[in-house]
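Spelled out from the first residue to the last, the chains are:
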Amino acid sequence: MSPRDAPSLSVVMPVHNALPYLDEAVESIRAQTRSDFEFVIYDDQSTDGSAERLEEWARRDSRIKLFRGKRNLGPAHSSNEVVRLASGSLIARMDADDISLPERLERESKVLEDHPDVGLVGSLCNLIDPQGRTLRGPELWRLTRKSWLSPFPHGSMMFRRELFDAIGGYRAECEYWEDLDFVIRASEQTAILVLPMALYHHRQSYSSTRLASEQRRVEDALDLRYRSMSRVSQRSNYSELEQCGPAEEGRRVHPRIFVSLGSLQLWSGRRPRVLRRFLTRARLGFDVDTFVSAAWVLWASLSPSTLRASINLVSKIRSNSASNSLDLEKPVEWRPQDKGRDGENAAEKQPA
């Protein structure tokens, strides 16, 4: 394909053992209202039949360009590889167990076309369970809070290729949180906009994690995330990860890690089983993080259904309140740990 013929938009999807959700993910991209794109898929040494299923899809749709890796690269390296194989100037990320709503690509690409100073756009999402049932709707309140957590899921992102190249793509050193690291570093280079509507279904599937076999490794990785984000909260540069300190043998980890890991089980319909790990590995003290985490872990262990219901209720109340200050037809600018310069609120940061 010559540069003149190259599409301006590439949808990229790394895949590793994505059955039984793979068909829904592929079909959701094929059904987009914007149809002029290439769909680049990189199979990262799947062993569950995903590669063979993708070959069937590639035969049915010429927009699909399938590549099969010779060895397993892991999440960060496979994410870099699939972008490297793409030819578009705009890159839309897709995760292999999620679903993009039909207007996602059209709406996100229009935002980038209308705002040449913006390098990345994402959208809110619906949270769905392994069976595809909606667990929670779009959380508008995430657009108005002060936090380093991005309000949009990884798979909903669309970004400019030049931004990806400028920040060096994903970093393997940030294993298990390479998506958040990517967004934080992107925010240092460009404005980021979020569409305040659900254009994406983000599936909560506990089987998609490697927690069971690599428990300590996951906990240590997420502890590095919390130590790094502490620097972001203090408006310090964390790009050199060694500044955040290496993982020490026997180090206890941030207590909120067990809320994060327990949430994967909670929203996939399981009873979270993190209490024992919380007691043996969490860094406990007389502080808010310890108190909140301990209450969450205990509640999740005793009555996960009432915890889910309570979280949903609080989310709805917060989102109803946030909707009063947002124009739901306009994108909202997001900055990590920052509601805006000089006291601006989220509504004032909405582009015209």
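Rules used in this analysis
- Residues numbered from 1 in each chain as written.
- Predicted model: local features only at pLDDT ≥ 70, side-chain atom pairs only at ≥ 80, totals over all residues.
- Heavy atoms only, no water.
- Helix = DSSP H or I, 4+ residues; strand = E, 2+ residues; numbered from the N terminus.
- Contact = heavy atoms within 4.5 Å.
- Phe/Tyr/Trp six-rings, centres within 6.5 Å; stacked < 30°, edge-to-face > 60°.
- Buried < 20%, exposed > 50% of the residue type's maximum accessible area, 1.4 Å probe, protein only.
- Lys NZ or Arg CZ within 6 Å of the ring centre and 35° of its normal.
- Pairing = 2+ DSSP bridges.
- Patch = residues over 30% accessible without salt bridge, like charges linked within 9 Å, V, L, I, M, F, W, Y side chains within 5 Å.
- Areas by Shrake-Rupley, 256 points an atom, 1.4 Å probe, with all protein chains shown as cover.
- Salt bridge = Lys/Arg side-chain N within 4 Å of Asp/Glu carboxyl O.
- Polar contact = N/O pair within 3.5 Å; in protein donor to acceptor, adjacent residues only side chain to side chain.
- Core = buried A, V, L, I, M, F, W, Y, C linked by side-chain atoms within 4.5 Å.

**Let's talk about the overall build of the protein**
When you go through the protein residue by residue, the secondary structure sums to 11 helices and 10 strands. Considering only contacts within the protein whose residues lie at least 6 apart along the sequence, 78% involve residues at least 24 apart.

**Description of the packing of aromatic side chains**
Counting across every chain of the model gives 8 aromatic pairs. Pairing F164 with F182 gives two aromatic rings, centres 6.0 Å apart and planes at 40°, and the pair type is tilted. In this pair, F164 is assigned in helix α5 (residues 161-167) and F182 in helix α6 (residues 178-187), connecting sequence segments 18 residues apart. Both residues of the pair, F164 and F182, count as buried. Here the aromatic residues F159, F164, Y170 and F182 are joined through ring pairs into a cluster of three or more. Residue placement shows R60 over the ring face of W57; its charged tip is 4.2 Å from the ring centre.

**Details of the pairing of strand β4 (residues 90-93)**
By the alternation rule, side chains of β4 split into L90 and A92 and I91 and R93, which are all buried. As paired elements, strand β1 (residues 9-15) and β4 share 4 bridges and run parallel to each other. Paired with S10 across the bridge in β4 is I91. Bridge count between β4 and strand β8 (residues 158-160): 3 bridges; the pairing is antiparallel. Among the inter-strand pairings, L90 is bridged to a residue of β8, identified as R160.

**With respect to a nonpolar patch on the surface**
On the surface, L275, L279, L284, L298 and L302 cluster together to form a nonpolar patch covering roughly 470 Å² of accessible area. Of all the secondary-structure elements, those providing two or more residues to the nonpolar patch are α9 (275-281) and α10 (288-302). Along the polypeptide, L298 turns up in helix α10. Classification of L298 as partly exposed rests on a relative accessible area of 45%.

**Some points on the side chain of S156**
Within the fold, S156 resides in the loop between β7 (134-136) and β8. Residue classification places S156 among the buried positions, given a relative accessible area of 0%. Among the polar contacts made by the side chain of S156, one reaches the main-chain amide nitrogen of S123 at a distance of 3.3 Å.

**Focus: helix α3 (residues 75-84)**
A76, S78, S79, N80, V82 and V83 are the residues of α3 that are buried. In this fold, the buried residues of α3 make contact with β1, β2 (38-43), β4, β8, α5 and α6.

**Examining the pattern of salt bridges**
Evaluated as defined, the whole model comprises 30 salt bridges. For R68, the salt bridge identified is with E55, shortest N-O distance 2.7 Å. Of this pair, R68 sits in strand β3 (residues 64-68) while E55 sits in helix α2 (residues 50-60), and the two are 13 residues apart along the sequence. Look at E55 and you get partly exposed, because its relative accessible area is 28%. Connected through salt bridges with shared partners, the residues E27, R30, D61 and R63 form a single ionic network.

**Some points on unusual backbone geometry**
Backbone phi values are negative for most residues with the exception of glycine, while trans is the configuration of most peptide bonds. Put simply, L19 and P20 share a cis peptide bond, and its omega is 15°. Checked against the element boundaries, P20 lands in the loop between β1 and α1 (22-30). Not every positive phi belongs to a glycine, and Q45 is a case in point at roughly 60°. Topologically, Q45 is positioned in the loop between β2 and α2. Unusually for a residue other than glycine, Y176 sits at a positive phi of about 75°. Inspection of the secondary structure assignment puts Y176 in the loop between α5 and α6. Classification of Y176 as partly exposed rests on a relative accessible area of 24%.

**Considerations on the nonpolar core**
Counting residues in hydrophobic clusters, the biggest one holds 55 residues, and the most contacted among them are L120, F152, M157, F159, F182 and F258. Ignoring sequence-local partners within four residues, the contact set of L120 consists of L112, F152, M157, M158, F159, L163, F182, A186, A191, I192 and L193. Listed in part, the 32 residues of the second largest apolar core include W57, V121, M158 and L199.

**Considering the side chain of S263**
Relative to the helices and strands, S263 is located in helix α8 (residues 257-267). Among the residues examined, S263 registers a relative accessible area of 19% and is labelled buried. For S263, the side chain forms a polar contact with the main-chain oxygen of V259, separated by 2.7 Å. Beyond its immediate chain neighbours, meaning those up to four positions away, S263 contacts Q204 and W296.

**Topic: α8**
A large share of α8 lies buried, amounting to 9 of its 11 residues. Those residues of α8 not exposed but buried are I257, F258, V259, L261, G262, S263, Q265, L266 and W267. In the segment just after α8, G269 is the residue with positive phi, at about 90°.

**With respect to the environment of V292**
You can see V292 is positioned in helix α10. Linking V292 and V259, residues 33 residues apart in sequence, is a C-alpha distance of 9.2 Å.

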